[in-house]
There are 2 protein chains.
Amino acid sequence: MEDTKHVLIIGGGFAGLSCAKKLANRPGVRVTLIDKENHHLFQPLLYQVATAALSAPDIARSLRQLMSRAANVTVLMDTITGIDTEKSQVSSPIRTYDYDYLVVAAGAQTSYFGKDEWAAHTLGLKSLDDAFKVRRCVFGALERAELTDDPEERKRLMTIAIVGGGPTGVELAGAYSDLARRALKTNFRRLDINSLRVILIQSGDRILKPFDPDQSKYTQERLEHLGVEIVLGHRVTGVERHTLTFDEREPIHAETLIWAAGVGASPLTRMLGVDTDRGGRVKTNPDLTAPGMSNVYLAGDVTAHTDAKGQQVPGLAPAATQMGEYIGDRIVDLTSAPGEHPSAPFIFKDKGIMAIIGKNAAVVKMGSMKLRGYLAWMTWLFIHLLFLIGFRSKLSVLLQWAWAYVKDKPGARVFTAKQ
Amino acid sequence: MEDTKHVLIIGGGFAGLSCAKKLANRPGVRVTLIDKENHHLFQPLLYQVATAALSAPDIARSLRQLMSRAANVTVLMDTITGIDTEKSQVSSPIRTYDYDYLVVAAGAQTSYFGKDEWAAHTLGLKSLDDAFKVRRCVFGALERAELTDDPEERKRLMTIAIVGGGPTGVELAGAYSDLARRALKTNFRRLDINSLRVILIQSGDRILKPFDPDQSKYTQERLEHLGVEIVLGHRVTGVERHTLTFDEREPIHAETLIWAAGVGASPLTRMLGVDTDRGGRVKTNPDLTAPGMSNVYLAGDVTAHTDAKGQQVPGLAPAATQMGEYIGDRIVDLTSAPGEHPSAPFIFKDKGIMAIIGKNAAVVKMGSMKLRGYLAWMTWLFIHLLFLIGFRSKLSVLLQWAWAYVKDKPGARVFTAKQ
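A quick note: this is a predicted structure, and the numbers were derived from the prediction, not measured.

### Quick notes on the overall build of chain A
A tally of regular secondary structure across chain A gives 11 helices and 22 strands. The C-alpha atoms of chain A give 22 Å as radius of gyration, which agrees with the globular expectation for 419 residues (22 Å, within 12%). Based on the C-alpha atoms only, the size of chain A along its principal axes is roughly 75 × 50 × 45 Å. Expressed as a percentage of its 419 residues, the buried residues of chain A come to 58%. Counted over contacts in chain A with a minimum sequence separation of 6, partners at least 24 positions apart contribute 65%. Surface summary for chain A: the accessible area is close to 17,700 Å², and the carbon and sulfur share equals 51%. The averaged location of the 45 negative side-chain charges in chain A is 6 Å from the averaged location of its 51 positive side-chain charges.

Next comes the structure, spelled out in structure tokens:
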């Protein structure tokens, strides 16, 4: 086994996991997959954990279990804090790891554009822990609103402000609005659940920027129909406890402040000693290696990649998966036979984008095809159910989810009181 | 509505919930159901959340949702900290509540027999939060055991000590042993999962004291067959970080220390101004009122009740449910028609006790009937599935659970890294 190459993958998201799967049980390769959590997370549905429509096991799965049949893959839960490409080593506070090939797939984190102090007063939505915190905040606020006799306090408790009009912000806003109008409508005796305010704030002139303007407009109308207040063209300039401030607008007071306005790459990219963009993303070579390195690959949200066809690869799950698979195949090629291996560059296969807008509506953009409304929603539902296959028994998720949507009783809406 | 009576129920466990259900939509009565959590918890399966076989929504359900069709029931999430029976008031740090009838069903909490400082180093198992902490501790320890090169540290990380040989201790021990031998057996590459030690400590001379001695013996043999180490006849005399000490025995070092040795009544019973036993439980009148009071009832784990047939009512879910139902019926009688209402005393209908011992075995005692082994396990499974009906869609739970048992892939085994 002397010529077995060690592939070290940092991150068990879509990119890292798909790479590890390509390398599973391949001769000549052993893989160490390191993540700071013990689970792979189906990020596109994370907002549904925040709104208590889905529970953790529906969208998260043990990385060990996913790799249990891959005898050449070792899964470790560790937090990588250093990369030394000269020595071909990465390190955590506990251990140092050598590698022959390094795959940096450490993903994105919430970014406050340099205002890191805002993190103390807002909730991000990147991890299961984040989602549980959001859930706890929103549902806990409703409980306290039911208890209080102070109308000002109740108003604040009954307000959810979401900064960022991208898909996450839109999906959250729609889901909270649905929750009040449907699932919770018979739950409270003292407070009027219809007075729940959901405010979506977008600094630009339209929400869902990656979509076409008419789709943005449709989404805005649809959200407003659901009761969501949309604030366009105002950039948040200050964040205090329960308060967002603006330069040319009244402050917004809300118990729950969700920050869905920006993501940046994992800080690990800064340790590679290569140029990064403002968000910490690396402009990778056509074969997804880091500039000037032949054995260090990057995949997913840590990259700002323009592929050989000139497509800017988006920070979405399908792109991350394709990048991870490409790198896995590439390493198989490089290690399975000696000699030269000219690389075909990575080409992104764009399968479109979609966002759900509460129950029964969505927008979908696939190439020149655009869908909206119920048909788009069915498309969204179908594709996300397909994704969920393999997470739990397909049938069970399908039944539970279908049941919840039919009965307007999504999930258990349970939260725990303590941190 | 001037003669509408206000029934205040403290606690949304089996006792409080069954009482509220009896009073739901009854004329002449309005109910306030107060719990410090927002959910009712199916406690008998809580250990399965700790072992990651079930997830929160499987065994917990929003009290609001459970009461959503009961227009006369207001659910509040608040922590009652004072009872004034003279003024017929209870209070929390936020509010004061008046009542005509008070039902104290505040349940039990982990008791350290006066050694409250032991709580800092051990994990209890009474709430969902407790169960998540246990899960995080056990699975986190395995992750660190996979990382470490220190054999002493690994040994400690791979040891789970459970204090208390009652049903909870037995069920946990069996479940962790199963987990290592079945679900996790292909999950680790570096550590030997079979070296996971599960130690069950019981100060008395046998485990499962409420069962017959031959059932205790069977359970012990069965657990030992599963690899569980059982320590009998030694009382824990000291608890330090990761260590249990004894008077006449070597200390036990374990990363995970679970305290399942004792429960005491909620401290609220001490505020009633009546005598309580050592565990804080109240010896209630034949109609479950508190001594000397006609409008204060107690139900469930806050009572030490001997019924009119001389039966000591056990601290189990069926007993709590029956008490709650009895009190609900009693209040309906008292409020629905004027005049005298002689009370038939509460009589406990004993339906038996059972404990599961890992996969495929259990012990059941129903009156003079005793079962053990596979048939007892099937009985346990059937009865607990019946209980779970109504929590989620019956079919969905059945499928998921059956699937998990068949495939040895229980749950998602996901935990979150932060507190």
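### Things to note about the UniProt feature "domain: FAD/NAD(P)-binding" (unreviewed entry) in chain A
The residues that UniProt annotates with the feature "domain: FAD/NAD(P)-binding" (unreviewed entry) are residues 6–324 of chain A. Strand forms 24% of residues 6–324 of chain A and helix 28%; the C-alpha atoms that close the span are 16 Å apart.

### Observations regarding the sheet that holds strand β7 (residues 89–91) of chain B
All names here are of chain B. Strands sit in the order β6-β7-β8 across an open sheet of three strands; the sheet is antiparallel. Every interior strand has two partners, whereas the edge strands, β6 (82–84) and β8 (96–98), have only one. On average, each strand axis in the sheet is inclined to that of its neighbour by 20°, with strand direction left out of account. The sheet contact formed by β7 and β8 spans three bridges and is antiparallel. Bridge pairing in β8 links Val90 to Tyr97.

### Some remarks on the pattern of salt bridges
Once the charged atoms of two side chains with opposite charge are near each other, the side chains can pair. Across all of its chains, the model carries 28 salt bridges over all chains by this definition. A salt bridge links B:Glu255 to B:Arg144; the shortest N-O distance between them is 3.1 Å. A residue pair is termed long-range when its members are at least 10 positions apart, and B:Glu255 in the loop between β16 (252–253) and β17 (256–259) and B:Arg144 in helix α5 (residues 128–147) qualify at 111 residues. Judged by its relative accessible area of 35%, B:Arg144 falls in the partly exposed class. Beyond isolated ion pairs, a larger network of salt bridges with shared partners links A:Asp212, A:Asp214, A:Lys365 and A:Lys370.

### Let's talk about the pairing of strand β12 (residues 197–202) of chain B
All names here are of chain B. Along β12, five of the six residues are buried, which leaves the element largely enclosed by surrounding structure. The pairing of strand β11 (residues 159–163) with β12 spans five bridges and is parallel. The residue bridging Ile162 from the neighbouring strand is Leu200, located in β12. At this point the chain moves from β11, through helix α7 (residues 167–183), to the parallel β12, and the crossover so formed is right-handed. Sheet topology note: the β12/strand β13 (residues 229–232) ladder contains four bridges and is parallel. Directly across from Gln202, in β13, lies its bridge partner Leu232. In terms of handedness, the path from β12 via helix α8 (residues 213–225) over to β13 forms a crossover that is right-handed.

### What to know about α5(B)
Given a rise of 1.5 Å per residue, 20 residues ought to cover 28 Å, and the 28 Å separating the end C-alpha atoms of α5(B) matches this to within 8%. Of all 20 residues making up α5(B), 17 are buried, and the element is well covered by its neighbours.

### Here's the deal with helix α1 (residues 14–23) of chain A
All names here are of chain A. Within α1, eight of the 10 residues are buried, which leaves it mostly tucked inside the rest of the structure. Within α1 the residues assigned to the buried category are Phe14, Ala15, Gly16, Leu17, Ser18, Cys19, Ala20 and Leu23. Residue Asn25 follows α1 closely and has a positive phi angle near 60°.

### Brief notes about the sheet that holds strand β16 (residues 252–253) of chain A
All names here are of chain A. Reading across from one edge, β14-β15-β16 is the order of the three strands in this open sheet, with antiparallel pairing throughout. In this open sheet, the two edge strands, each paired with only one partner strand, are β14 (236–240) and β16. Judged from the four bridges that link them, β14 and strand β15 (residues 243–246) form a sheet pairing that is antiparallel. Bridge pairing in β15 links Glu240 to Thr243.

### Remarks on the side chain of B:Ser92
All names here are of chain B. Counting through the fold element by element, Ser92 comes out in the loop between β7 and β8. The class of Ser92 is buried, set by a relative accessible area of 9%. Looking at Ser92, its side chain comes within polar contact range of the side chain of Asp78, at 2.7 Å. Looking at Ser92, its side chain comes within polar contact range of the main-chain nitrogen of Ile94, at 3.0 Å. Those residues in contact with Ser92, other than ones at most four positions away along the chain, are Asp78, Thr79, Ile80, Thr81 and Tyr97.

### A closer look at the pairing of strand β1 (residues 5–10) of chain A
All names here are of chain A. Most of β1 sits inside the fold, with five of its six residues counted as buried. With six bridges joining them, β1 and strand β2 (residues 29–35) adopt parallel strand pairing. When the bridges of β2 are listed, His6 appears paired with Arg30. In this view, the connection linking β1 to its parallel neighbour β2 by way of α1 has right-handed handedness. Of the pairings in the sheet, the one linking β1 to strand β9 (residues 101–104) comprises four bridges and is parallel in character. Paired with Val7 across the strands is Tyr101, a residue of β9.

### Some points on the packing of aromatic side chains
Enumeration over the complete set of coordinates arrives at 10 aromatic pairs over all chains. Measuring from ring centre to ring centre gives 5.8 Å for A:Phe14 and A:Phe42, while their planes differ by 70°; the resulting arrangement is edge-to-face. Remark: A:Phe42 occurs in the loop between β3 (39–41) and α2 (46–50) and A:Phe14 occurs in helix α1; sequence separation between them is 28 residues. On the accessibility criterion, A:Phe14 (14% relative accessible area) is buried. Each ring, one from B:Trp118 and one from B:Trp259, has its centre 5.5 Å from the other, and the planes form 70°; the classification is edge-to-face.

Cut-offs applied
- Residue positions are given per chain, counted from 1 along the sequence in the order it is written.
- Key to labels: chains lettered from A, ligands numbered from 1, both in the order written.
- Residue-level local features of this predicted model are given only where pLDDT is at least 70; pairs of side-chain atoms are given and counted only at 80 or more, and the full residue set underlies all totals for whole chains, interfaces and linings.
- Derived side-chain values reflect all non-hydrogen atoms in the structure, with water molecules and hydrogen atoms excluded from consideration.
- A helix here means a DSSP run of H or I that spans at least four residues, while a strand means a run of E at least two residues long, and both kinds are numbered starting from the N terminus.
- We compute the radius of gyration from the C-alpha atoms alone; for a globule the expected value is 2.2 Å times N to the 0.38, where N is the number of residues.
- Accessibility here uses a 1.4 Å probe with only protein chains present; expressed as a share of the type maximum, an area under 20% marks a residue as buried, one over 50% as exposed, and anything in between as partly exposed.
- Contact between two residues is taken to exist if any of their heavy atoms lie within 4.5 Å; hydrogens are not considered.
- Each accessible area value is a Shrake-Rupley result obtained with a 1.4 Å probe; residue values ignore everything except the protein chains displayed when judging cover.
- The charged-residue count follows a simple rule in which Lys and Arg add positive charge and Asp and Glu add negative charge, with His and chain termini not counted at all.
- To locate a charge, take NZ of a lysine, CZ of an arginine, CG of an aspartate or CD of a glutamate.
- UniProt positions are given in the numbering used here, feature names are shortened, and annotations may be inferred rather than shown by experiment.
- Between any two strands, at least two bridges found by DSSP are needed for them to pair.
- The convention used is that axes are lines fitted to C-alpha atoms, helices contributing only their stretch in contact, and that angles between N-to-C directions extend from 0 to 180 degrees.
- Whenever Lys or Arg places a side-chain nitrogen within 4 Å of a carboxyl oxygen from Asp or Glu, that contact is recorded as a salt bridge.
- Handedness of a crossover is defined as follows: with both strands directed away from the viewer, a clockwise route from the first strand across the helix to the second makes it right-handed.
- Here, expected helix span is obtained from the residue count minus one, scaled by 1.5 Å.
- Identification of polar contacts relies on pairs of N or O atoms within 3.5 Å, with a donor-acceptor requirement for protein atoms, meaning one able to donate a hydrogen and the other able to accept it, and with residues adjacent in sequence counted only if both atoms are side-chain atoms.
- Note on aromatic contacts: the rings of Phe and Tyr and the six-membered ring of Trp form a pair at centre separations within 6.5 Å, being stacked when their planes are under 30 degrees apart, edge-to-face when over 60 apart, and tilted otherwise.

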